[in-house]
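Fold and contact review
Spelled out from the first residue to the last, the chains are:
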Amino acid sequence: MSGQRRRHATLIGLLSVILFTLATITTTVSSASAATSYVPISGAGSSWSSNAIDQWRRNVQQYGIRVNYASTGSSDGRNQFKAGTVDFGASEIPYGTTDNGVTEPAPSRGYAYMPDVAGGTAFMYNLQSGGKRITNLRLSGDTLSKLFTGVITHWNDPLIKADNPGLTLPDFKVVPVVRSDGSGSTAQFTLWMSKLHSSVWNNYCRSAGRKVPCGETSNFPVVFGKGFVAQPNSQGVAGYVAQTANVGTITYVEYSYAIKTGYPVAKILNAAGYYTEPTASNVAVALLKAQINNNPTSPSYLTQQLDGVYSDPDPRAYPLSSYSYMIVPTQIQDGFTSAKGATLAAFANYFLCEGQQQAEVLGYSPLPINLVKAGLAQVKRIPGAVVSSINIKKCNNPTFSTSGVNTLAQNAAQPSACDKKGVTQCTIGTGSTKGSSPAGTGTGTGTAPGTGGTGSTGTGDPGAATTGGGTTTVINAHGSTSCDADTGICQVVNAIPVDAPLPSSWGISQWFVLLLCLLLVLAIAVPPIVVIAARRSHRS
Amino acid sequence: MTVDIPRKLVLRRDPVDRTFRGVARGGGIAVLTIMLLVGVFLAFRASQALSSDGVKFLTVQDWDPDSGKFGIAAVLVGTVLIALVAIVIAFPLATGTALYITEYAPRQIRQWLISLVDLMAAIPSVVYGLWGFFFLQGNITPISRWISQNFGWIPIFSVTGVDPNDPLPTSTLYTSSTFIAGIVVAFMITPIITAIMREVFAQAPLGEREGALALGSTQWGMIRSVVLPFGRGGMIGGTMLGLGRALGETIAVYMIISPVFVIQTHILQNGASSVSSLIALRYGEASPFGLSALMAAGLTLFVMTLVINFAASSIVARSRSGASS
């Protein structure tokens, strides 16, 4: 009897300790959030730009700005903004496009477009030759569109060989990996195909049962039996290609995903006859030719027209460059309040100014000064925005200059002679795989430009790559890259300045993890102990 | 002569009893009402798509509501195939686990095993999906390839486009398949099947067990002759409840499969489909009419799951173990 009572006392004691801990945690959390004047806001949409948005929202947490963002695809972002379930949307394409015969209606709530970042739709691939990964593939526009429409079925196709005189291409099947959800990346890529390679694209569309002319579409039509794979989201397609065993796959995804997963991207032939990579400077060069809607009264103010980009005669231009947009509300309705407006405006002011510095490291390209200015003007249209005069010179945006020219584009390095059409290709890899191509001779890698620097990529300099025991650290244009020697998976090691709290080795988060571990152990251990105890007391 | 008039019986329940009856009755009615409302809501929202599509809704394989070509023939077959693969894997796994826990496991670790299996049910399905996509997919393809190469003459195991003499076989043909999605779903439904089987096995009457052992049967003989026949209803019912869950499993399937809109019966081949993952994939971007079509697909799944669950509960109730529980 006395034993049973003691057990009960222990149980009650244990419970009270748990309750007390929980109460302490809740009070700490609530007092922390009460200290700031911002309210949490939420957004959804583009996974093309989500690597940049995610980085920015992590950065603004230190100011107490809480931004929730779901990278569910541009189509979903536009629809959710229209339905009023999110405070802002992110999308590659505006409202009003005609997709598969259906024109998307504009939302009834007041809205405005605001460019958030530029970038290149890259073609990330997983290809091996003789047990080594190919990292310096080049593709012309014609070959590219035939790859994604099932015309070219094997990697050793003569068309691909013509683009790559220096490569021994394997007899692998081509497996195009496309998006299964409604996606702005798909829209950008199919728009380019419909403009430049319309017959190939229309033939494919017809075989998929769509009406021709097909035009741009957010949902890539998949013909069963052609060996296409469809995955949801940019993370899904990039994650699929990045699985070591999935050799022969190629997908379209923003350049940042290729850098993140450590896989190479194809250099695409531009109108000047050079194969280029979607680096920040090449994208900046190409987008000088983008036509921006300059009519502030138009509902599609600031949206882009990319025909000039596709045919840019500059040898440095990357043809599939584009801007990504945020859709922000201009009226108080659908649960959008002026408090939310103030938070959204503060967030937008951050990413339009300081945030652009990180675009290049992440695999994007910073916005030029005219779009930053126009974006900041759009911010003022958000209800509740606290009008703050931002000194645009302090943004340290690498494209800015006193004379008004785009510094990043002006100082972009000319392509190497080996990137010219018909010449045996360069041996240096792309993305974060620089200096590791089978056709290469072990050439070293480029040196890193300073923050906000000129963006010039040096070559040569063997020995910049240091080989460690388990990991290889390569210094390249995107900062340090750490590669695991066993898996070959590379990760970009970016140094991004943030205000760190006082260095403490054991903080609240560590306690929290410990508590979680304890709770997990308790969840496993308590039920059997209770049952055994109950059975024993019952027996006695 | 006086006629005996029976005394009028007045049932007087005390307040505690009345409160309990009220709460229990209210709960029961609420559950039924919610079910009914879900069904009515789905039917109402689906009516626009169903009335425009008619019977074609059940026979068309494409899914393109905005151009008027849509039907659930392909996705429904895909859903059933994924669920069947899951059941084929989960049933033996759950039976073995439940038998081990109730019959063979030492007393001291029995409760621990029960908690572990219950904990398996507590893992969020998105975690199963991540695991399936990033880990299982890369490691299961050699098995898929082996099955298709050796049993490819059975239609469901054949994979089109495979050249056995290809020196550079790619694994992509075997990824994102019904088979892989089915394995992941199998792990998700194993705990619930195990829990139900464990309950009924534990109820097998002690007298009959001892009788079997006294007649000289081994432990396995006793299980075969007493425990399994006694628990048959529970085994079937539990499996069908698991099947109901497998049919509706969404996010893990969504992450793994590469959706195709044709009837695809080659379970090892890339390309699969399911109703719930189709809804998850398309509801965000659908036009009002597209949403109505998705609701119609959801209604079909709802009705199908309902039928299966009713069948399961009636089987459990009619069995010996179910009747006593």
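Everything numeric in this text was worked out from a predicted model, so none of it was measured. (Residues numbered from 1 in each chain as written. Chains lettered and ligands numbered in written order. Predicted model: local features only at pLDDT ≥ 70, side-chain atom pairs only at ≥ 80, totals over all residues. Heavy atoms only, no water.)

1. Remarks on the sheet that holds strand β14 (residues 275–276) of chain A
Residues and elements named next belong to chain A. The 3 strands are arranged β9-β13-β14 in an open sheet whose pairing can be described as mixed. Two strands close off the open sheet at either side, each with one partner strand: β9 (138–139) and β14. Strand direction decides the pairing type here: β9 and strand β13 (residues 267–269), joined by 2 bridges, are parallel. Among the inter-strand pairings, Leu-139 is bridged to a residue of β13, identified as Ile-268. (Pairing = 2+ DSSP bridges. Helix = DSSP H or I, 4+ residues; strand = E, 2+ residues; numbered from the N terminus.)

2. Brief notes about the nonpolar core
Counting 103 residues, the largest nonpolar core has Phe-123, Leu-137, Phe-148, Phe-189, Phe-220 and Phe-347 of chain A as its most contacted members. Two domains each provide a minimum of three residues to this core, namely domain 2 (45–120 + 283–408) and domain 3 (121–273 + 411–484) of chain A. Discounting residues that sit within four places of it in the chain, Phe-220 of chain A has contacts with Phe-148, Val-178, Arg-179, Thr-186, Phe-189, Thr-190, Met-193, Trp-201, Tyr-204, Phe-228 and Tyr-252 of chain A. Val-253, Leu-268, Ala-297 and Ile-308 of chain B belong to the second-largest nonpolar core, a separate cluster that totals 72 residues. (Core = buried A, V, L, I, M, F, W, Y, C linked by side-chain atoms within 4.5 Å. Buried < 20%, exposed > 50% of the residue type's maximum accessible area, 1.4 Å probe, protein only. Domains from an automatic or database assignment. Contact = heavy atoms within 4.5 Å.)

3. A look at the packing of aromatic side chains
All names here are of chain A. Tallied over the full model, the rule gives 29 aromatic pairs over all chains. Here Tyr-69 and Phe-88 contribute two aromatic rings whose centre-to-centre distance is 6.1 Å and whose plane-to-plane angle is 5 degrees, an arrangement assigned as stacked. Of this pair, Tyr-69 sits in strand β2 (residues 67–70) while Phe-88 is found in strand β3 (residues 88–91), placing the two residues 19 residues apart along the sequence. Here Tyr-69 falls in the buried class, since its relative accessible area comes to 9%. Taking 5.2 Å as the distance between ring centres and 75 degrees as the angle between the ring planes, the aromatic pair formed by Phe-347 and Phe-351 counts as edge-to-face. Of this pair, Phe-347 and Phe-351 both sit in helix α12 (residues 338–352), 4 residues apart, roughly one helical turn. A relative accessible area of 0% means that Phe-351 is categorised as buried. Among the aromatic residues, those joined into a ring-pair cluster are Phe-123, Phe-148, Phe-189, Trp-192, Trp-201, Tyr-204, Phe-220, Phe-228 and Tyr-252. (Phe/Tyr/Trp six-rings, centres within 6.5 Å; stacked < 30°, edge-to-face > 60°.)

4. What about the side chain of Arg-210 of chain A?
Assignment of secondary structure puts Arg-210 of chain A in the loop between α7 (198–207) and β11 (229–231). No salt bridge is formed by the buried Arg-210 of chain A; the nearest opposite charge belongs to Asp-99 of chain A, separated by 4.2 Å. Among the polar contacts listed, one links the side chain of Arg-210 of chain A to the side chain of Thr-217 of chain A, at a separation of 3.0 Å. Contact partners of Arg-210 of chain A, with chain neighbours within four places excluded, come to Asp-99, Asn-100, Cys-205, Thr-217, Asn-219 and Pro-221 of chain A together with Asp-64 of chain B. (Lys, Arg positive; Asp, Glu negative; His and termini not counted. Salt bridge = Lys/Arg side-chain N within 4 Å of Asp/Glu carboxyl O. Polar contact = N/O pair within 3.5 Å; in protein donor to acceptor, adjacent residues only side chain to side chain.)

5. Let's talk about the pattern of salt bridges
A complete count under the given rule lists 12 salt bridges over all chains for this structure. A salt bridge links Arg-57 of chain A to Asp-54 of chain A; the shortest N-O distance between them is 2.7 Å. Of this pair, Arg-57 of chain A and Asp-54 of chain A both sit in helix α2 (residues 50–59), separated by 3 residues, roughly a single helical turn. For Arg-57 of chain A, a relative accessible area of 21% translates into the label partly exposed. On the accessibility criterion, Asp-54 of chain A (19% relative accessible area) is buried. In this structure, Arg-209 of chain B and Glu-103 of chain B form a salt bridge, with 2.9 Å as the shortest nitrogen-oxygen distance. Pair noted here: Arg-209 of chain B is in helix α7 (residues 206–214) and Glu-103 of chain B is in helix α3 (residues 73–104), with a separation of 106 residues, a long-range link. Just as Arg-209 of chain B is buried, Glu-103 of chain B falls in that class too.

6. A short note on the state of the cysteines
Here a disulfide denotes a covalent bond joining the sulfur atom of one cysteine to the sulfur atom of another. Residues and elements named next belong to chain A. Tallying each qualifying case throughout the model produces 3 disulfides over all chains. The disulfide that involves Cys-353 links it to Cys-395, with 1.9 Å between the sulfurs. Handedness here is read from the sign of the S-S torsion; for Cys-353 and Cys-395, about -105 degrees, the answer is left-handed. Linking Cys-353 in the loop between α12 and α13 (359–362) with Cys-395 in the loop between α14 (369–379) and α15 (407–410), this pair joins segments that are 42 residues apart in sequence. Just as Cys-353 is buried, Cys-395 falls in that class too. The side chain of Cys-418 participates in a disulfide bridge whose partner is Cys-426; the two sulfur atoms lie 1.9 Å from each other. Between Cys-418 and Cys-426 the sulfur-sulfur dihedral comes to about 95 degrees; the bridge is accordingly right-handed. (Disulfide = S-S within 2.5 Å.)

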